Amino acid sequence: MNEDVIPILHVKDADAAATWYARLGFAKQWEHRFEPGFPAFVEVARGPMSLFLSEHQGDARPGTLVYLRVRDVDAVAAEFGVTVEDEPWAREVELRDPDGNRLRIGTPTGAD
């Protein structure tokens, strides 16, 4: 098993959030509910990156900021119709998911 860290993002509708994250290349891995009709807890993954999307109150603060390093920030920018900003450390975009969580997405300067 590889050790890793998985951010938890609060969402109102896990299915809608998973669909939005699919535009970033994330695929739904699994979903858990304690009983039908209860809040969902979902994992989405893109390669080695994973996020937990939780409908549970108290699992995460709204407006959380997560940084994602990707190989091609230009493809992300094109998908979402945003402009890439050149920073000394990376080329970046910042997006907000439908629940207001912030995603800063970048390709490090000099990355191949």
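For the structure, see preceding data.
Residues numbered from 1 in each chain as written. Predicted model: local features only at pLDDT ≥ 70, side-chain atom pairs only at ≥ 80, totals over all residues. Heavy atoms only, no water.

**Q** In this structure, what is going on with the layout of surface pockets? I would like to understand it.
**A** A water-sized probe, rolled over the atoms, reveals where empty space remains. By volume, the largest pocket amounts to about 180 Å³. Contributing to the lining of the largest pocket are Arg46, Gly47, Pro48, Met49, Arg69, Val70 and Arg71. Across the lining of the largest pocket, the residue classes break down as 3 nonpolar, 1 polar and 3 charged. Computed from the structure, the second largest pocket encloses a volume of approximately 150 Å³. Together, Asp4, Val5, Ile6, Pro7, Pro48, Met49, Ser50, Leu51, Val66, Tyr67 and Leu68 line the second largest pocket. (1 Å grid on protein atoms, 1.4 Å probe; cavity = no way out; pocket = protein on both sides within 12 Å on 5 of 7 lines; lining within 4 Å. Points joined across faces, edges and corners; volume = space filled by probe spheres on them. Nonpolar A, V, L, I, M, F, W, Y, C, P; charged D, E, K, R; others polar.)

**Q** Hey, could you run me through the sheet that holds strand β6 (residues 85–86) in this one?
**A** In a beta sheet, neighbouring strands pair by backbone hydrogen bonds and run either parallel or antiparallel. Spatially, β5-β8-β7-β6 is the arrangement adopted by the 4 strands of the open sheet, whose pairing is mixed. Across the chains shown, the open sheet's two edge strands, defined by having one partner strand only, are β5 (65–69) and β6. The pairing of strand β7 (residues 90–96) with strand β8 (residues 102–108) spans 7 bridges and is classified as antiparallel. Its bridge partner lying in β8, Leu95 is registered against Leu103. Set on the sheet, helix α2 (residues 73–80) makes contact with β7 and β8; between it and β7 the angle comes to about 30°. (Pairing = 2+ DSSP bridges. Helix = DSSP H or I, 4+ residues; strand = E, 2+ residues; numbered from the N terminus. Contact = heavy atoms within 4.5 Å. Axes fitted to C-alpha atoms, helices over the stretch in contact; angles between N-to-C directions.)

**Q** Would you mind showing me how to read the environment of Pro62 here?
**A** Examined against the element boundaries, Pro62 turns out to sit in the loop between β4 (49–54) and β5. Using a relative accessible area of 65% as the deciding quantity, one classes Pro62 as exposed. Taking C-alpha positions, Pro62 is 6.0 Å from His10, a pair spaced 52 residues apart along the chain. (Buried < 20%, exposed > 50% of the residue type's maximum accessible area, 1.4 Å probe, protein only.)

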